[in-house]
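# Structural characterization, general
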Amino acid sequence: MPDRRGLLIILSSPSGAGKSTLAKRLRQWDESIVFSVSATTRTPRPGEVDGADYHFVSDAAFKSTVSEGGMLEHAHVFGNFYGSPKAPVQAAIDAGRDVLFDIDWQGAQQIRNSDLGQHTLSIFLLPPSIIELRRRLEARGQDSSDVITKRMQKSWDEISHWDGYDFVLVNDDLDATESKLRTILTATRLRRSQQPDLLSHVRALQMQFEEMQ
Ligand code: ADP
Ligand code: 5GP
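Presented here is an overview of the structure given in this document. (Residues numbered from 1 in each chain as written. Chains lettered and ligands numbered in written order. Predicted model: local features only at pLDDT ≥ 70, side-chain atom pairs only at ≥ 80, totals over all residues. Heavy atoms only, no water.)

Another point: the site of ligand 1. The full set close to ligand 1 counts 15 residues, and G16, S20, T21, R140 and D172 are the nearest of them. Contact distances for ligand 1 include 2.5 Å between an oxygen atom and a side-chain N or O atom of T21. Alone, ligand 1 offers 570 Å² of accessible surface; in the complex the protein occludes 80% of this. Going through the elements one at a time, α1 (19-29) and α5 (130-140) are the ones with two or more residues in the shell around ligand 1. Top contributing element to the shell around ligand 1 by residue count: α1, with three residues. For the shell around ligand 1, the per-class residue count stands at three nonpolar, seven polar and five charged. (Near = heavy atom within 4 Å. Polar contact = N/O pair within 3.5 Å; in protein donor to acceptor, adjacent residues only side chain to side chain. Areas by Shrake-Rupley, 256 points an atom, 1.4 Å probe, with all protein chains shown as cover. Helix = DSSP H or I, 4+ residues; strand = E, 2+ residues; numbered from the N terminus. Nonpolar A, V, L, I, M, F, W, Y, C, P; charged D, E, K, R; others polar.)

With that settled, the discussion passes to the side chain of K19. The residue K19 is located in helix α1 in this model. Nearest to the buried, unbridged K19 among oppositely charged side chains is D102, at 4.3 Å. Setting aside chain neighbours within four positions, we find K19 in contact with L11, S12, S13, P14, D102 and L125. (Buried < 20%, exposed > 50% of the residue type's maximum accessible area, 1.4 Å probe, protein only. Lys, Arg positive; Asp, Glu negative; His and termini not counted. Salt bridge = Lys/Arg side-chain N within 4 Å of Asp/Glu carboxyl O. Contact = heavy atoms within 4.5 Å.)

Moving on to the side chain of S15. Within the secondary structure, S15 sits in the loop between β1 (8-12) and α1. Side chain to side chain, S15 and R151 meet in a polar contact 2.9 Å long. Leaving out residues up to four positions away in the same chain, S15 has contacts with L133, L137, R140 and R151.

Strand order in the open sheet made by the four strands is β4-β3-β6-β5, with mixed pairing throughout. Each edge of the open sheet carries a strand with a single partner, namely β4 (55-56) and β5 (71-77). Where strand β3 (residues 39-40) meets strand β6 (residues 80-85), two bridges bridge the pair, whose relative direction is antiparallel. Pairing of A39 across the sheet is with G83, part of β6. (Pairing = 2+ DSSP bridges.)

Moving on: the site of ligand 2. Taken together, 17 residues surround ligand 2, and among them S38, R42, R45, Y54 and Y82 come closest. Here Y54 contributes a side-chain N or O atom positioned 2.5 Å from an oxygen atom of ligand 2. Taken by itself ligand 2 offers 510 Å² of open surface, and the protein chains cover 93% of this. Elements with a contribution of two residues or more to the shell around ligand 2: β5 and β6. A class-by-class count of the residues in the shell around ligand 2 yields six nonpolar, four polar and seven charged.

Below is the structure:
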């Protein structure tokens, strides 16, 4: 048995607030973190790799995985389906590895309410301002202005769920936010629920204590 249980780390934010940038930085800090590769029915953006950024699937394939119970959570976002395949997550956390999810508030809610809810760490990122959020989306250079406008319209919907998360960080300075994320993760890994060996250790202490009486 691994000496700790893996965590399900959920990062949510309005699009452009910095989830993927910070997720990459966290993995550079700790390479054992596994990224959950979501399935989606949207078309790939230039440069996106099937199986690495997303599993790009048809509507029919997505629906059949959902009906077979193969998704830990799923949601309809920006007119497309997105979901987190269950099997790789279970395998990783059983092996004591943390899994990081870049998912929206609907997915976060479903995971929190699932059997794995007690092993979840959820973090919401807020932008310093709405103007800065738009600037970041434009600076990323991935989307047309139509898509950026659509993402901006959806951003309040996402932000309005900020209070369902364990931690909320304003991602102003990137280095400072990364450092806070490391602190949160380091502490959460020590949560009682993440240490399967604690009970037997306490029992051993109890026996030693009784032998001394
Ligand atoms: P998300 O994954 O939440 O949609 P990204 O990580 O793609 O957002 O970030 C959007 C853009 O903003 C990227 O170009 C990224 O480099 C930039 N960015 C992220 N965090 C910061 C920050 N704290 N300060 C300035 N720019 C940032
Ligand atoms: P994008 O199309 O920009 O990659 O993602 C759009 C939104 O869908 C983001 O808010 C992202 O967090 C969310 N998303 C990506 N994958 C999943 C998933 O598997 N489940 C859920 N619920 N949301 C996801």
